[in-house]
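Next come the chains, spelled out residue by residue.
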Amino acid sequence: MSIAIKPKEKISKPISQSKSKVTPYLMIAPAMVVFILFSFIPIFYMIFLSFHDWNFISEDMNFVGVNNFKFLLGDPRFAQTMGNTFLYTVLTVVGFLVFGLLIALALNKNTKIHSFMQSVIFAPHIISLVSISMLWLWLMDYDYGLFNYLLAKIGLGPVSFLTNPDVVMYSLAAVSIWKGVGYYSLIFLSGLQAIPDDIYEAAALDNTPWHRKLFKITLPMLSPTVFFVGITSIIASFKVFETISIMTQGGPMNASNTIVYYIYETGFKFFNMGLSSAAGVILFVVIAILTFIYFKLMAKKVYYN
């Protein structure tokens, strides 16, 4: 009687396991290619140009070291531009946070009228910024604008919304807040609806007043949403361009000029790509510093459910 001995089977690594390790990299490869071509490489090229003098037309490119940065840091016009940008950012970010939260609290009900109002509030966000800027140009016109017509009816007289250096940045911030507050209010609304109802029911049993619910329950539970809205609105406000370009072109007397419009104007109107790139590097550094500070200050105050 013979006993058949089976040959020892080779233990091979499953093919599916090898594929599972490669698949994630293949999935993100297109996005990484786009990022490298249109973000990573342009950033380094901008840094390279910031150390040169180039008029964007000729092939001559002269190395000037840090002279572009020295000029910008000593230029009163650029200092005013940065001040305008910071003022615009503070106005819009505060407006998005305050009005967005108030609107979200008012619309946080599951009724047809509240759903309709959510659509109405969100509508300006999907409208072209060019169209909105043209609309507000007419509304704020000194001679024929609707706002000055209504102000004249109540005896307050006309206001130079876009030609008064002391008023123009507030007017532009109002346009941006009107357009973007619907988007941020829906983000706040999503955060409010994610808060468990059990917490409010327990507070109701203790007869907790509404203001204590707001500051002790709603805002702490909503802190991740506040954090997200704050950081995204700061970055978006620093990059404002279309509103400035269409409504004021940086005037009057540079009172509404912002850093991105300054970069565009210096590079594509005055053909000084080195100085324009240096301003872009400064913008990049400022946003990075503000983002780092914001994360350090706010990250510890965020409640994670």
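For the structure itself, consult the block above.
Values in this document were obtained by computation on a predicted structure and should not be read as measured data. (Residues numbered from 1 in each chain as written. Predicted model: local features only at pLDDT ≥ 70, side-chain atom pairs only at ≥ 80, totals over all residues. Heavy atoms only, no water.)

A. Focus on the overall build of the chain. Counting its secondary structure elements, the chain contains 13 helices and two strands. On C-alpha atoms alone, the chain measures out to a radius of gyration of 27 Å, which is more than a quarter above the 19 Å that the 2.2 N^0.38 rule sets for 305 residues. Taken over the C-alpha atoms alone, the chain extends approximately 115 × 75 × 35 Å along its principal axes. Buried residues in the chain amount to 36% of all 305 residues. Considering only intrachain contacts with a sequence separation of at least 6, the fraction spanning at least 24 residues in the chain is 67%. Surface summary for the chain: the accessible area is close to 19,200 Å², and the carbon and sulfur share equals 69%. For the chain, the distance from the average position of its 20 positive side-chain charges to the average position of its 14 negative side-chain charges is 16 Å. (Helix = DSSP H or I, 4+ residues; strand = E, 2+ residues; numbered from the N terminus. Rg over C-alpha atoms; globule rule 2.2 N^0.38 Å. Buried < 20%, exposed > 50% of the residue type's maximum accessible area, 1.4 Å probe, protein only. Contact = heavy atoms within 4.5 Å. Areas by Shrake-Rupley, 256 points an atom, 1.4 Å probe, with all protein chains shown as cover. Lys, Arg positive; Asp, Glu negative; His and termini not counted. Charge placed at Lys NZ, Arg CZ, Asp CG, Glu CD.)

B. Region of the structure containing the pattern of salt bridges. All chains considered together, the criterion is met by one salt bridge. Where R77 meets E265, a salt bridge forms, and the shortest distance between an N and an O atom there is 2.7 Å. One end of the pair, R77, is in helix α3 (residues 76–106); the other, E265, is in helix α12 (residues 259–268), and 188 residues separate them in sequence. By relative accessible area, R77 is classed as partly exposed at 30%. The buried category is assigned to E265, whose relative accessible area is 9%. (Salt bridge = Lys/Arg side-chain N within 4 Å of Asp/Glu carboxyl O.)

C. Just the packing of aromatic side chains, in detail. For the coordinates displayed, the defined rule picks out 19 aromatic pairs. Centroid distance F56 to F268: 5.5 Å. Interplanar angle 75°. Geometry classified as edge-to-face. In this pair, F56 sits in the loop between β1 (52–53) and β2 (62–63) while F268 sits in helix α12, placing the two residues 212 residues apart along the sequence. Judged by its relative accessible area of 36%, F56 is partly exposed. What makes F268 partly exposed here is its relative accessible area of 45%. Taking 4.9 Å as the distance between ring centres and 90° as the angle between the ring planes, the aromatic pair formed by F227 and F295 counts as edge-to-face. Taken together, the residues F227 in helix α10 (residues 223–238) and F295 in helix α13 (residues 273–298) connect sequence positions 68 residues apart. Residue F227 is classed as buried on the basis of its relative accessible area of 13%. On the basis of relative accessible area, F295 is assigned to the partly exposed category, the value being 40%. One aromatic cluster is present, formed by W54, F56, F241, Y261, Y264 and F268 through successive ring pairs. (Phe/Tyr/Trp six-rings, centres within 6.5 Å; stacked < 30°, edge-to-face > 60°.)

D. Up close: the environment of Y142. Structurally, the position occupied by Y142 is in the loop between α5 (129–139) and α6 (146–153). Remark: the alpha-carbon pair of Y142 and L162, spanning 20 residues in sequence, is separated by 8.2 Å. Once you skip the residues sitting within four places of it in the chain, Y142 turns out to touch N148, P158, V159 and S160.

E. Geometry of the nonpolar core. In terms of nonpolar packing, the biggest core is built from 22 residues, with L72, F78, I259, A279 and L283 touching the most fellow members. With nine residues, α13 is the largest single contributor of residues to this core. Within the second largest apolar cluster, 18 residues are counted, among which are W136, V168, A173 and V240. (Core = buried A, V, L, I, M, F, W, Y, C linked by side-chain atoms within 4.5 Å.)

F. Spatial organisation of the environment of F188. Structurally, the position occupied by F188 is in helix α7 (residues 168–193). Given a relative accessible area of 0%, F188 falls into the buried group. Spatially, the C-alpha atom of F188 lies 7.6 Å from that of V226, the residues being 38 residues apart in sequence. With residues up to four places along the chain from it excluded, the contact list for F188 reads F96, L97, G100, L101, A104, L222, T225, V226 and V229.

G. Focus on unusual backbone geometry. Here the bond from G251 into P252 is cis, since omega is -5°, no more than 30 degrees from zero. In this fold, P252 is placed in the loop between α11 (242–247) and α12. Positioned with a positive phi, N207 is a non-glycine residue whose angle comes to about 55°. By secondary structure assignment, the location of N207 is in the loop between α8 (197–205) and α9 (210–221). With a phi angle near 55°, M253 is a residue other than glycine that sits in the positive phi range. Checked against the element boundaries, M253 lands in the loop between α11 and α12.

These figures come from the coordinates and say nothing about function on their own.
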